Amino acid sequence: MNDSRDLRLADVSEEEVLEHIFPLLRADHGPSAATGVLVGPGDDTAWLAAPDGRFLATTDAVVLGHDWLDAWSTGADVGHKAVMQNCADIAAMGGVTTGLLVTLAAHAGTSMAWVTDLARGIGEAAREARTSVVGGDLSGADDGTVMVSITAFGTTEGRDPVLRSGARPGDVVAVAGGLGRSGAGWALLRTGRGEIAPDLVAIHRRPAPPLSEGPGAARAGAHAMIDLSDGLVRDAGRVARASGVVIDLDPAALAPHVDALTSAVGAEEALTCVLTGGEEHSLLATFAEAPDGWHVLGTVGPVDELGAGVRVGGEPRRGGGWDHFDTSR
Ligand SMILES: Nc1ncnc2c1ncn2[C@@H]1O[C@H](COP(=O)(O)OP(=O)(O)O)[C@@H](O)[C@H]1O
Ligand SMILES: Cc1ncc(C[n+]2csc(CCOP(=O)(O)OP(=O)(O)O)c2C)c(N)n1
Ligand SMILES: [Mg+2]
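Quick caveat: nothing in here was measured; it's all calculated off a predicted structure.

Reading guide: rules and limits
Residues numbered from 1 in each chain as written. Chains lettered and ligands numbered in written order. Predicted model: local features only at pLDDT ≥ 70, side-chain atom pairs only at ≥ 80, totals over all residues. Heavy atoms only, no water. Donors = N, O, S within 2.8 Å, 3.2 Å for Na, K, Ca; no water. Helix = DSSP H or I, 4+ residues; strand = E, 2+ residues; numbered from the N terminus. Buried < 20%, exposed > 50% of the residue type's maximum accessible area, 1.4 Å probe, protein only. Near = heavy atom within 4 Å. Polar contact = N/O pair within 3.5 Å; in protein donor to acceptor, adjacent residues only side chain to side chain. Areas by Shrake-Rupley, 256 points an atom, 1.4 Å probe, with all protein chains shown as cover. Nonpolar A, V, L, I, M, F, W, Y, C, P; charged D, E, K, R; others polar. Domains from an automatic or database assignment. Phe/Tyr/Trp six-rings, centres within 6.5 Å; stacked < 30°, edge-to-face > 60°.

**Student:** How should I be thinking about the coordination of the magnesium ion (ligand 3) in this particular structure?
**Tutor:** A four-donor tetrahedral metal ideally has 109.5 degree angles, and a six-donor octahedral metal ideally has angles of 90 or 180 degrees. Coordination sphere of the magnesium ion (ligand 3), protein contribution only: D89 (OD) and D227 (OD), at 1.9 Å. One end of the pair, D89, is in helix α2 (residues 75–92); the other, D227, is in strand β8 (residues 224–227), and 138 residues separate them in sequence. In this pair, the class of D89 matches that of D227, namely buried.

Right, here's the structure in full:
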């Protein structure tokens with residue numbers, strides 16, 4: 001196992017795979033949420049502290065061909081993104097991630113080099129998020145199938161979580177992080193133009209959610225919050241419907257985000273990316289008053305005759321954004 005470069009999963013035992021990846025997954029940071037890990041990987045389960053007696057739990061899976069292509073993303077990119085997707089969900093509740101479970105289901109022909117790279121990316125992202133992998137599972141899969149599923153646990157540090165349902169008329173709606181960059185990077189990759197904007201492609205491969213802004217928003221009194229995984233309009237719509245309000249996005253507030261993408265993808269595609277681009281994992285929240293670090297995008301109003309939902313410059317806006325089972329693509 002010293003040189004894993006040419007090996008496939010079929011050539012090694014499960015124990016050897018685990019022995020190989022454990023060191024890559026290990027947390028090496030000082031005191032943090034990871035200090036709540038009482039028993040880590042290696043036994044039948046992990047054992048975690050839940051200091052305030054309650055914890056957050058979420059899971060997200062990614063599948064080769066549906067969520068990434070090997071031509072676009074390395075194993076490390078896939079691992080990094082899978083971790084960040086989960087940590088963004090924890091942050092969107094106002095929480096801090098305390099531990100991760102990682103499941104890999106892969107066909108026997110999967111190269112050990114890819115698995116090693118995946119583990120490296122997971123470990124790197126976990127350390128960036130100041131958390132650690134506490135366990136997981138390995139499973140076989142049919143030829144061509146590779147799936148990575150991550151489950152994250154988190155703590156709200158004694159606060160109540162920030163739900164999607166708390167937005168109130170009179171609030172502002174604001175974002176921490178960018179808009180449409182991952183979607184623009186994906187559009188460039190799809191059309192073989194990735195070299196036009198390596199920064200956008202990098203964000204698509206490895207989203208960088210502003211994780212600390214989640215608990216920050218909770219401390220600042222956020223009324224509602226969500227992470228932007230499926231596109232601004234779609235995800236804002238989830239907050240609007242859960243809260244029974246209208247969210248009106250101001251085109252002038254969106255303009256700088258659109259302008260930032262225009263040279264790479266053109267003005268029309270830039271607006272589409274900002275409104276509907278997925279996998280950004282920025283945080284969208286509503287507040288009585290937005291704190292520093294948050295960019296106000298619009299306002300929250302009472303339901304009107306059209307019902308709860310999203311408007312852009314007062315105009316109703318539906319559709320767009322990511323749906324896994326949309327076969328019209
Ligand atoms: N297969 C499932 N079984 C039970 N609950 C699910 C399932 N899929 C999604 N959910 C729940 O539905 C909600 C929305 O899921 P999802 O859109 O995946 O959230 P997010 O975009 O934040 O990851 C979440 O609360 C999630 O836990
Ligand atoms: C090969 C490939 N096809 C499509 C996409 C685009 N894509 C996949 S998932 C997704 C949206 C977010 O994923 P999801 O699993 O719905 O995240 P969640 O809402 O559960 O956090 C997008 C835009 C991609 N990254 N790679
Ligand atoms: Mg989410």
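Next, the rest of the story.
**Student:** For this particular structure, what's the right way to read the site of ligand 2?
**Tutor:** For ligand 2, the set of nearby residues contains 13 residues, the closest of which are D60, S229, D230, E279 and H324. At 2.9 Å from an oxygen atom of ligand 2 is found a side-chain nitrogen or oxygen belonging to D60. With respect to ligand 2, the side chain of D230 contributes an N or O atom lying 3.1 Å from an oxygen atom. Protein chains shield 88% of the accessible area of ligand 2, which is 600 Å² for the free molecule. Of the residues belonging to the shell around ligand 2, the class tally is four nonpolar, five polar and four charged. Residue assignment places the shell around ligand 2 across two domains, with domain 1 (9–155) and domain 2 (164–317) each supplying three or more.

**Student:** Looking at this model, I keep getting lost on the packing of aromatic side chains. Mind explaining?
**Tutor:** The geometry of an aromatic ring pair is captured by two quantities: the separation of the ring centres and the angle between the planes. Per the counting criterion, the structure on display carries four aromatic pairs. Seen in terms of ring centroids, F55 and F153 are 6.0 Å apart; in terms of plane orientation they differ by 70°. Their pairing is edge-to-face. Of this pair, F55 sits in the loop between β2 (47–48) and β3 (56–63) while F153 sits in strand β6 (residues 146–155); the two residues are 98 residues apart in sequence, bridging distant segments of the chain. We classify F153 as buried; its relative accessible area is 18%.

Note that every value here comes from positions in space, so none of it alone points to a role or purpose.
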